[in-house]
Amino acid sequence: MMKQKAGSLDLRFLLTMLTAMLAVAGLSVWQSKQSAIGNLQWSQQYWLSPDPGGPYVPGDRQASTTSLPAGTKNVWLQMTFDFNQPLEQPAGLFISVLGSFEAYWDDVPIGGAGIVGRSKEQEIPAPIDNVLLLPSTHSDAGHHSLRLRISAQHNPAFIENANIWVFAGAYNDLLMMAFKRAVPPLLMSSALLVIGLLCLLLATNNRAGRPYLLFGLLSLAMLMLIVAESWRGLWGYSYDWHTTRMQIVLTLSCVIALLLPALFASLLRLGLKQTLTWLGLAALLQLLIVLFIGGFDSRSLLVFLAGAAISVLICAQGMWQKQSNSAALLAALILFIAPVTFNAYAYMDQYFFLSFTILICLMLYFLSRSIEHNRHTLIQRELRLSRLELELVKRNVQPHFILNTLTAVEEWIDEDPPTAIAFIQALAEEFRQMASLSSQSAVSLEDELQLCQAHLNVMSYRAGTQLSLDIHISHPKQMIPPGILLTLLENAISHNHYRHGKFVFTVQQKREDKTMCLTFMAPVVSGRPSSKLQTGTGNQYVESRLRESYADNWQMQSHVSSTDWQVQLRLPLASGDIL
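Basis of the calculations
Residues numbered from 1 in each chain as written. Predicted model: local features only at pLDDT ≥ 70, side-chain atom pairs only at ≥ 80, totals over all residues. Heavy atoms only, no water. Helix = DSSP H or I, 4+ residues; strand = E, 2+ residues; numbered from the N terminus. Buried < 20%, exposed > 50% of the residue type's maximum accessible area, 1.4 Å probe, protein only. Contact = heavy atoms within 4.5 Å. Areas by Shrake-Rupley, 256 points an atom, 1.4 Å probe, with all protein chains shown as cover. Axes fitted to C-alpha atoms, helices over the stretch in contact; angles between N-to-C directions. Parallel < 35°, antiparallel > 145°, perpendicular 65-115°, else oblique. Left-handed = near helix turned anticlockwise from the far one by under 90°. Nonpolar A, V, L, I, M, F, W, Y, C, P; charged D, E, K, R; others polar. Patch = residues over 30% accessible without salt bridge, like charges linked within 9 Å, V, L, I, M, F, W, Y side chains within 5 Å. Salt bridge = Lys/Arg side-chain N within 4 Å of Asp/Glu carboxyl O. Expected span 1.5 Å × (residues − 1). Core = buried A, V, L, I, M, F, W, Y, C linked by side-chain atoms within 4.5 Å. Polar contact = N/O pair within 3.5 Å; in protein donor to acceptor, adjacent residues only side chain to side chain. Arc of directions from axis to C-beta.

Student: Describe the overall build of the protein, with residues and values.
Tutor: On a plain count of helices and strands, the protein comes out with 15 helices and 18 strands. Classification of the 579 residues of the protein by burial places 46% in the buried group. Across the protein, every contact between residues at least 6 apart in sequence was considered, and the portion connecting residues at least 24 apart equals 77%. Summed over all atoms, the accessible surface of the protein reaches about 28700 Å², with 59% contributed by carbon and sulfur.

Here is the structure:
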């Protein structure tokens, strides 16, 4: 039955991944079509001329690329266009430059953005993206020229070059272009917020919640990156804010590129040393990229690819070590970064956020499996606790114990009524404490010792002797599983014949680093200890309780001599270590 269920989960996973892959491909195509504008006219010739402060004077010109050189403050930029056909009306001109400018189309002023100035005080920064309306009489087929008088007083000194984007097309399409490119990633924002908060909540309520914590942080970092990327297209900003925005994008890209391998290392349960080694390598690659690669866009892309490459190596290590789910993780990661092969520099702007749905599907799959596993574990644990609780009660309420107890009470009622009353009260006290503690998963050491003392009071009446408890503890509020000391005490009484005299049982508590050491000592009579002291059902119950509460984080040592029986328990000191 379990094999069929696992098989159905695997099939569901494959179908989910295939659906996600098709969705990413479809959305990528859709986004490309939505953001594409037909019949764009680009200029391939740029010339720079100094701007001494007067009108444009043809003369000293130098060929230029599509960027302003470092240190540019005031300059004339001239470019030419050759239209094969008239532009769709109304026609417009898209201009994006890190500076304020005045525009002249075929020597006709068509507007500008900001205020061109000779200093920071004189210049008013222009918006980063601008669309100007072209005169209908100057948008027909043929040769056209554009001159821009630019001032870039607010650019930081460390900028190596300032890109320029200028192209002509339909005015309405140019107005909507940036918005259309920004909308598809924003469609994921609400999902990322919900998934991020959900994973953080699961991480706080799950002791093994590191993958949830990392994926929650990764989702929220992706959400902030979407906001930073969409800032330009949806709200716009003046060009002096562009460097700040790009620094934010680069920082978030670095954070994501570290969270990604950390997530995969956590999913594959790599050790702390291995995880830190991979993350150290990723951080080193990031540092080299930031120091030696120019351009914010190039840095952001390479930083992400470095993190993805480290994640691929982590998955490959998992496959080599034959860890479960490593192949599925590698397949999901490859699907996540596959769109970069279509267009490397468009990936971070267009496909990156959409392909992140692959990782969302992957985490939802692992989340569903984890929830199912945790539910199954919880049910099994509740069954084990119920069985242990029933066993603890049965050990105290055995038929022969009840029969002997009633017989003794009957005799005392006839011969010694005060003793009968005292015995009934002691028995009632033990049952009351037993009922209070048996249903709990952990009790204080103080309460456990009170139950042991109540049991000794009852057994003192039964055995006609004096049984007492010598206690040496320093932390009475330390939590332990219920019934373990009581079971050891019952075990000692069952396998010894304590008659006529005084017998003292000892409990000692000692702290050793992060461990609590409990020592139980019981006297052995007649010099012939029973072998069942160390192998009986009582010891099996204690071991089951310790295993249920502490997993493998405990030790139990038992030693029997001709005079006493000693049991030493080493348990985690913190009560939070009880499962």
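Student: Account for the packing of helix α6 (residues 272-292) against helix α7 (residues 296-320), naming residues and giving values.
Tutor: The interhelical angle for the contact between α6 and α7, taken along N-to-C directions, is 160°, at an axis separation of 9 Å. Judged by the inter-axis angle, α6 sits roughly antiparallel to α7. Read as a crossing pair, α6 and α7 show a hand that is right-handed. Here Gln274, Trp278, Leu281, Ala282, Leu285, Gln286, Ile289 and Val290 of α6 lie close against α7, whose contacting residues are Arg299, Leu302, Val303, Ala306, Ile310, Leu313, Ile314 and Gln317. Among the residues forming the contact of α6 with α7, the class breakdown is 12 nonpolar, three polar and one charged.

Student: Help me get a handle on a nonpolar patch on the surface, residues and values and all.
Tutor: Together, Leu281, Leu284, Leu285, Leu287, Leu288, Leu291 and Phe292 make up a nonpolar patch on the protein surface, roughly 660 Å² of accessible area in all. Tracing the sequence through the fold places Leu285 in helix α6. Since its relative accessible area comes to 30%, Leu285 is described here as partly exposed.

Student: Can you lay out α7 for me, pointing to particular residues and giving the numbers?
Tutor: A rise of 1.5 Å per residue sets the reference length of α7, with its 25 residues, at 36 Å; its end C-alpha atoms lie 36 Å apart and thus fit the reference within 8%. A positive phi of about 60° marks Lys322, the residue just after α7.

Student: Lay out the nonpolar core with the relevant residues and their values.
Tutor: One finds Phe215, Leu218, Leu260, Phe356 and Leu359 to be the most contacted residues of the largest nonpolar core, which totals 47 residues. When residues of this core are traced back to their parent elements, those giving at least two are α3 (189-204), α4 (210-234), α5 (242-267), α6, α7, α8 (326-337) and α9 (344-396). Phe356 has contacts with Met188, Leu192, Phe215, Leu218, Ser219, Met222 and Phe336, leaving out every residue within four places of it along the chain.

Student: Quick rundown of the side chain of His144? Include the residues and the values.
Tutor: Structurally, His144 can be placed in strand β10 (residues 142-151). Engagement of the side chain of His144 in a polar contact is seen with the side chain of Asp106, the distance being 2.8 Å. Leaving out residues up to four positions away in the same chain, His144 has contacts with Met79, Thr80, Phe81, Phe83, Trp105, Asp106, His138 and Ser139.

Student: Provide a residue-level description of the environment of Ala265, including the pertinent values.
Tutor: When you line up the elements, Ala265 lands in helix α5. Residue Ala265 is classed as buried on the basis of its relative accessible area, which comes to 1%. Expressed as a C-alpha distance, the spacing of Ala265 and Gln317, which sit 52 residues apart in the sequence, is 9.8 Å. Contacts of Ala265, omitting those with residues within four sequence positions, involve Leu270, Thr275 and Ile314.

Student: Which residues make up α6, and what are the values?
Tutor: With 21 residues, α6 should cover 30 Å at 1.5 Å per step; its first-to-last C-alpha distance of 30 Å lies within 8% of that length. Those residues of α6 not exposed but buried are Thr275, Trp278, Ala282, Gln286 and Ile289. Along α6, the residues classed as buried sweep out an arc of 80° about the axis, all on the same side. Counted as exposed and oriented over 90 degrees from the buried face of α6: Leu272, Lys273, Leu276, Thr277, Leu291 and Phe292. In the core, the buried residues of α6 are packed alongside α5 and α7.

Remember that the coordinates give geometry; whether it matters functionally is a separate question.
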